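# Observations on the model geometry
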Amino acid sequence: MQKDHGNAPATSTGRLRHRRRSNEVPSEIVKENGSHLLVNDQNKYRSMLTRIYSSIWMIGGFVLIIYMGHLYIWGMVVVIQIFMARELFNLLRKAHEDSHLPGFRLLNWHFFFTAVLFVYGRFLNQRLVNTVTSDKFLYQLVSSFIKYHMVTCYFLYIAGFMWFILTLKKKMYKYQFGQYAWTHMILIVVFTQSSFTVANIFEGMFWFLLPASLIVINDIAAYFFGFFFGRTPLIKLSPKKTWEGFIGASVTTIISAFVDLSTGWLHCDPGPLFKPEYFTLPGWVPKWFPREVQVLPVQWHAMWLGLFASIIAPFGGFFASGFKRAFKIKDFGDSIPGHGGMTDRMDCQMVMAVFSYIYHQSFIVSQSLSVEIVLDQILMNLTFEEQRALFMKLGQIIQDRPFEEF
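Residues numbered from 1 in each chain as written. Predicted model: local features only at pLDDT ≥ 70, side-chain atom pairs only at ≥ 80, totals over all residues. Heavy atoms only, no water.

How we decide: UniProt positions are given in the numbering used here, feature names are shortened, and annotations may be inferred rather than shown by experiment.
As recorded in an unreviewed UniProt entry, the protein goes by Phosphatidate cytidylyltransferase and comes from Actinidia rufa. In the Function (unreviewed entry) part of its UniProt record, the protein is described as follows: "May be involved in the synthesis of minor phospholipids and in modulation of IP3-mediated signal transduction." The record held by UniProt for the protein lists under Catalytic activity (unreviewed entry) the comment "a 1,2-diacyl-sn-glycero-3-phosphate + CTP + H(+) = a CDP-1,2-diacyl-sn-glycerol + diphosphate".

So, in structure tokens, the structure goes:
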């Protein structure tokens with residue numbers, strides 16, 4: 001048992017000193033900031049300018065990628081997931097142990113990219129086939145990949161599993177199994193949730209943009225309401241968050257969700273959700289107010305998404321705050337000046353993406369068949385040859401029917 005040396009510094013013992021990471025804060029500073037509200041921060045204006053500058057660049061880049069199309073947005077999501085995985089992998093990384101395990105760090109990324117191939121291969125497989133029908137070689141290559149997609153991903157995972165077993169070293173078992181479990185937790189909790197973002201993209205760009213923008217609006221409103229009016233601490237896990245910021249952001253987000261979602265810019269026939277409905281107001285409404293109001297059905301759905309984004313999604317941020325306190329770090333990384341790491345920005349977005357997909361599938365997607373739904377499924381799930389065979393078969397069936405049936 002080690003003797004107590006009273007006031008002697010801890011470094012005088014034989015223990016190895018833990019090298020503080022760039023985003024780690026000492027415990028005394030954590031305690032000091034426990035009651036340190038943003039409204040009383042003397043450096044808050046400098047921090048605000050840095051945050052605004054970074055936000056302008058992020059929003060500008062986001063708008064550009066949206067303009068470029070679906071596949072570029074999917075690429076952006078994958079890049080974000082890579083940054084998040086890197087930040088979380090590094091949380092439990094120990095340089096001393098890694099130096100005795102050459103190549104072990106590559107195993108994390110092997111499992112990560114296997115998960116990418118499996119999840120996104122299922123999302124994009126038939127869409128890829130339908131975009132390469134003009135090139136026979138490429139068409140055969142993509143078709144073969146789709147056919148053997150699941151077995152390919154399975155054996156890639158098994159290869160990683162065997163790699164892990166073969167690299168086990170005596171006296172390093174606990175660290176290696178901890179890293180193995182940590183990697184799978186990241187894939188399940190982080191990667192799986194954020195993958196719903198891509199599912200929303202291919203359900204329609206609107207169902208990706210609306211939830212993501214509501215989280216952005218809520219974050220910005222919470223920051224500025226807390227910046228200027230915050231006085232009452234909201235939750236101990238995140239001391240700088242206040243009730244004033246939370247309530248102000250909730251009201252702002254719900255109002256923003258219900259704004260007029262005009263479809264005049266569309267060059268196609270909008271669906272039923274985007275066709276206005278007219279309501280006559282009762283007689284007790286003041287005369288200066290319009291007697292008839294126009295509401296899009298999608299606005300009611302947007303309001304429910306806004307309620308979730310403002311009341312429940314912030315708990316993703318509270319979870320991340322508790323996570324950072326457990327590891328005694330200020331931010332997950334420093335890739336975004338004024339914001340921290342990519343994980344710090346995406347904590348609420350992941351919660352929102354899952355809810356948006358479930359809400360869309362439960363309350364918006366039609367449960368009954370229609371010509372549009374069947375045609376969409378044919379185009380997405382059948383190869384070009386299968387579509388042509390279906391067309392010929394359907395034509396033959398129609399020709400064989402008696403004329404009286406038409």
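## Observations concerning the overall build of the protein
Let me state the cut-off plainly: The helix count covers DSSP runs of H or I at least four residues long, the strand count covers runs of E at least two residues long, and both are numbered beginning at the N terminus. In this scheme, a residue with accessible area under 20% of its type's maximum is buried, one over 50% is exposed, and one in between is partly exposed, where area comes from a 1.4 Å probe on protein chains only. When checking whether two residues touch, look at their non-hydrogen atoms; a contact exists if any pair is within 4.5 Å. We get accessible surface area from the Shrake-Rupley algorithm with a probe of 1.4 Å; when it comes to residues, only the shown protein chains can shield them.
Secondary structure summary: the protein contains 15 helices and four strands in total. Burial analysis of the protein (406 residues in total) assigns 36% to the buried set. For the protein, the proportion of contacts with a sequence separation of at least 24, taken over those separated by at least 6, is 73%. When the accessible surface of the protein is summed, it comes to about 25800 Å², and 67% of that surface belongs to carbon and sulfur atoms.

## Some details on the pairing of strand β2 (residues 238-242)
Side-chain direction in a regular strand flips from residue to residue, so the side chains alternate between the two faces of the sheet. Short version of the rule: If DSSP finds at least two bridges between two strands, the strands pair.
Of the strand pairs in this sheet, strand β1 (residues 233-235) and β2 are connected by two bridges, and their pairing is antiparallel. In the strand pairing of β2, Pro-233 is matched with Thr-242. Linking two consecutive strands that pair antiparallel, namely β1 and β2, is a turn of two residues.

## Let's talk about a nonpolar patch on the surface
Operational definition: Any residue with relative accessible area above 30% and no salt bridge may belong to a patch, with like charges joined within 9 Å and the nonpolar Val, Leu, Ile, Met, Phe, Trp and Tyr side chains within 5 Å. Only one rule defines a salt bridge in this text: a Lys or Arg side-chain nitrogen within 4 Å of an Asp or Glu carboxyl oxygen.
On the surface, Tyr-45, Phe-225, Phe-228 and Phe-229 cluster together into a nonpolar patch covering about 420 Å² of accessible area. The leading source of residues in the nonpolar patch is helix α9 (residues 205-229), at three residues.

## Let's talk about the pattern of salt bridges
Following the criterion strictly, the structure yields two salt bridges and no others. The partner of Asp-219 in a salt bridge is Arg-345, and the shortest N-O contact between them spans 3.4 Å. Residue Asp-219 is located in helix α9, and its partner Arg-345 is located in helix α13 (residues 342-364); the two are separated by 126 residues in the primary sequence. Overall, Asp-219 belongs to the partly exposed group, its relative accessible area being 23%. Taking the shortest distance from any N to any O, the salt bridge between Asp-344 and Lys-324 comes out at 2.8 Å. Separated by 20 residues along the polypeptide, Asp-344 in helix α13 and Lys-324 in helix α12 (residues 314-326) bring together distant segments of the chain. Look at Asp-344 and you get buried, because its relative accessible area is 5%.

## Some details on the packing of aromatic side chains
The following threshold applies: Working definition: a ring pair exists when centres of Phe, Tyr or Trp rings (six-membered ring for Trp) sit within 6.5 Å. Plane angles under 30 degrees give stacked, over 60 give edge-to-face, the rest tilted. A ring has a charge above it when a Lys NZ or an Arg CZ is no more than 6 Å from the ring centre and no more than 35 degrees off the ring normal.
Applying the stated criterion across every chain yields a total of 33 aromatic pairs. Geometrically, the ring pair formed by Trp-182 and Phe-323 is stacked, given 5.8 Å between the ring centres and 15° between the ring planes. Remark: Phe-323 occurs in helix α12 and Trp-182 occurs in helix α8 (residues 173-203); sequence separation between them is 141 residues. For the pair Trp-182 and Phe-323, a shared accessibility class is recorded, and that class is buried. An aromatic cluster is defined as three or more aromatic residues linked by ring pairs; in this entry it consists of Tyr-223, Phe-224, Phe-225, Phe-227, Phe-228 and Phe-229. Positioned above the aromatic ring of Tyr-223 is the side chain of Arg-51, whose terminal nitrogen or guanidinium carbon lies 4.5 Å from the ring centre.

## Examining the packing of helix α2 (residues 44-68) against α9
Put simply, the test is: Each axis is a line fitted through C-alpha atoms, and for a helix only the stretch in contact is used; angles between axes span 0 to 180 degrees, taken between their N-to-C directions. With respect to orientation, any angle under 35 degrees is reported as roughly parallel, any angle over 145 as roughly antiparallel, any angle of 65 to 115 as roughly perpendicular, and every other angle as oblique. When residue character is reported, Ala, Val, Leu, Ile, Met, Phe, Trp, Tyr, Cys and Pro are called nonpolar, Asp, Glu, Lys and Arg charged, and the others, Gly included, polar.
Contact geometry for α2 and α9: axes closest at 13 Å, N-to-C directions at 170°. Regarding the angle of α2 to α9, the classification is roughly antiparallel. Contacts between α2 and α9 involve Lys-44, Tyr-45, Ser-47, Met-48, Arg-51, Ile-52, Phe-62 and Ile-66 from the former and Phe-208, Leu-209, Tyr-223, Phe-224, Phe-227 and Phe-228 from the latter. Grouping the amino acids of the contact of α2 with α9 by side-chain chemistry returns 11 nonpolar, one polar and two charged.

## Some details on the packing of helix α3 (residues 70-91) against α8
Rule in force here: Left-handed describes a crossing in which the near helix is turned anticlockwise from the far one by less than a right angle; the clockwise case is right-handed.
Two numbers describe how α3 lies on α8: the axes approach to 10 Å, and their chain directions differ by 165°. Taken together, α3 and α8 sit at an angle that is classed as roughly antiparallel. The chirality of how α3 crosses α8 is right-handed. Residues His-70, Leu-71, Ile-73, Trp-74, Val-77, Gln-81, Met-84, Leu-88, Phe-89 and Leu-91 of α3 touch α8, and the partners they reach there are Trp-182, Thr-183, Ile-186, Val-190, Phe-191, Ser-194, Ser-195, Thr-197, Val-198, Ile-201 and Phe-202.

## Thoughts on the UniProt feature "transmembrane region" (unreviewed entry) in the protein
When the UniProt feature table is mapped onto this chain numbering, "transmembrane region" (unreviewed entry) sits at residues 56-85, 106-125, 145-168, 180-202, 208-230 and 298-320. The annotated region residues 180-202 carries 100% helix and 0% strand content, and the separation between its end C-alpha atoms amounts to 32 Å. Annotation note: span residues 298-320, helix share 91%, strand share 0%, distance between end C-alpha atoms 31 Å.

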